[in-house]
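# Breakdown of the fold
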Amino acid sequence: RSRLPGTGKFVIQPDEEGNGGAQRMIDAGCLDSPKVDAVFGAHVSPDLPAGTVGIKYGKFYAASNPFRALIHGRSAHGAEPERGVDALYAAASVACGARALAKTLSEKNGRTVISVCTLHGGTAENVIAGKAEIRGMIRTLGPEARREAVNAVRSLIASASEAVGASAEIDIRWGYPGIVNHDEYSRLAADAARRLLGAERVLEISEPTMTTEDFGYFLESRPGCFYHFGVGGRAPLHSPDFLPDD
């Protein structure tokens, strides 16, 4: 207690990927009784050398909007595509168009990523697909860029479907809010890391990452800082070959 005046609380949440645990923990009162004045969190990073800490001031992680579209066409014989409405073609058009759209939005609003990560459709090699489904994620930096990207993706899916005479059920969810660090607490985290590890092992991160992290909910509720632990390694996050340097 002589070295750490006040109270420290460790928050161990049950989920970060799937449905997110941070907001549920906040709703359950984890920042109250005793009241939490500032929040800190960290994530491992293979992009930084093992044994270092990376600090990013301001905007750090992207906001996320998961999306799903179910495109309804009309099946027909593969030899007579004109008799059907090709839902798979419409879905493929969305997948291709998403990259061009992301490039346009990035030039206007800063880096934007639109990832179409699943595409399923069709039942046989000689049947025009009557139904197709795509799923993906929109990642943006800042609320205005977020709103514009969501509207643009919705328009892309609708127009690609209408172009072939199909219809689309579009569901775009409001995902994690992104991470924006507070300068005062980022400096505090950096100073603490320098005292612990040495100044040469504390690095300033220059560019935000387009990955997402639900710690942003904590930072919407309290000031604080989210930073990176360097773990080295040759494979990126979410790779089956990811192996931190212990």
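These numbers were taken from a predicted model, which means no experiment stands behind them. (Residues numbered from 1 in each chain as written. Predicted model: local features only at pLDDT ≥ 70, side-chain atom pairs only at ≥ 80, totals over all residues. Heavy atoms only, no water.)

### A look at the side chain of S45
Looking at where S45 falls in the secondary structure, it is placed in strand 1 (residues 39-45). Its relative accessible area of 4% is what places S45 among the buried residues. Among the polar contacts listed, one links the side chain of S45 to the backbone nitrogen of D47, at a separation of 3.2 Å. Discounting chain neighbours no more than four positions away, the residues touching S45 are H228, F229, G230, V231 and G232. (Helix = DSSP H or I, 4+ residues; strand = E, 2+ residues; numbered from the N terminus. Buried < 20%, exposed > 50% of the residue type's maximum accessible area, 1.4 Å probe, protein only. Polar contact = N/O pair within 3.5 Å; in protein donor to acceptor, adjacent residues only side chain to side chain. Contact = heavy atoms within 4.5 Å.)

### Considering unusual backbone geometry
Peptide bonds are trans in most cases, and residues, glycine excluded, mostly fall at negative phi. Each neighbour pair has its own omega, and for S33 with P34 the value is 0 degrees, a cis peptide bond. Positionally, P34 belongs in the loop between helix 1 (22-27) and strand 1. Positive phi is not limited to glycine here, since S33 has a value of about 50 degrees. In this structure, S33 sits in the loop between helix 1 and strand 1. Using a relative accessible area of 70% as the deciding quantity, one classes S33 as exposed. Here H238, not a glycine, exhibits a phi torsion of approximately 70 degrees, which is positive.

### Some remarks on the packing of aromatic side chains
Following the criterion strictly, the structure yields seven aromatic pairs and no others. For the ring pair F40 and Y185, a centre distance of 6.2 Å and an interplane angle of 65 degrees mean the geometry is edge-to-face. Linking F40 in strand 1 with Y185 in helix 4 (residues 183-197), this pair joins segments that are 145 residues apart in sequence. When its relative accessible area of 38% is taken as the criterion, F40 is described as partly exposed. Their ring planes at 35 degrees and their centres at 5.0 Å tell us that F215 and F226 sit as a pair that is tilted. Placement of F215 in the loop between strand 11 (202-204) and helix 5 (216-221) and of F226 in strand 12 (residues 224-230) is noted, with a sequence separation of 11 residues between them. Assigned by exposure class, F215 and F226 land together as buried. (Phe/Tyr/Trp six-rings, centres within 6.5 Å; stacked < 30°, edge-to-face > 60°.)

### Describing the pattern of salt bridges
The full count for this structure, using the stated rule, is eight salt bridges. Here E133 ties to R68 by a salt bridge, and the two come within 2.7 Å at their closest N and O atoms. Of this pair, E133 sits in strand 8 (residues 131-140) while R68 sits in strand 4 (residues 63-72), and the two are 65 residues apart along the sequence. Among the ionic pairs, R194 bridges to D191, the shortest N-O distance being 2.8 Å. (Salt bridge = Lys/Arg side-chain N within 4 Å of Asp/Glu carboxyl O.)

### Some details on the sheet that holds strand 9 (residues 167-172)
Sheet strands pair via backbone hydrogen bonds, and the direction of the pair is either parallel or antiparallel. One open sheet accounts for four strands, arranged 6-8-4-9; its pairing is antiparallel. Two strands in the sheet have a free side with no partner beyond their single neighbour: strand 6 (113-121) and strand 9. For this sheet, the mean inter-axis angle between neighbouring strands, taken without regard to orientation, is 15 degrees. Strands strand 4, strand 6 and strand 8 of the sheet are contacted by helix 2 (residues 87-109), whose axis makes an angle of about 175 degrees with strand 6. Against the sheet, helix 3 (residues 143-163) touches strand 4, strand 6, strand 8 and strand 9, its axis set at about 160 degrees to strand 9. (Pairing = 2+ DSSP bridges. Axes fitted to C-alpha atoms, helices over the stretch in contact; angles between N-to-C directions.)

### So, the nonpolar core
F67, L101, I114, I134, I138, V153 and I157 are the most contacted members of the largest nonpolar core, which has 25 residues in total. Going through the elements one at a time, strand 4, helix 2, strand 8 and helix 3 are the ones with two or more residues in this core. With eight residues, helix 2 is the single largest residue contributor to this core. Those residues in contact with V153 that lie beyond four places of it in its chain are F67, L101, I114, I138 and I172. In this structure, V39, L48, I205 and F218 belong to the second largest nonpolar core, which totals 17 residues. (Core = buried A, V, L, I, M, F, W, Y, C linked by side-chain atoms within 4.5 Å.)

### Brief notes about the side chain of R146
Position of R146 relative to the elements: it lies in helix 3. The side chain of R146 sits in the buried core without any salt bridge; E220 is the nearest counter-charge, 6.5 Å away. In terms of polar contacts, R146 uses its side chain to reach the backbone carbonyl oxygen of S64, at 3.0 Å. Polar contacts involving the side chain of R146 include one to the main-chain carbonyl oxygen of Y176, which spans 3.1 Å. Discounting chain neighbours no more than four positions away, the residues touching R146 are A63, S64, N65, T140, W174, G175, Y176 and P177. (Lys, Arg positive; Asp, Glu negative; His and termini not counted.)

In short, shape yes, function no, at least from these values alone.
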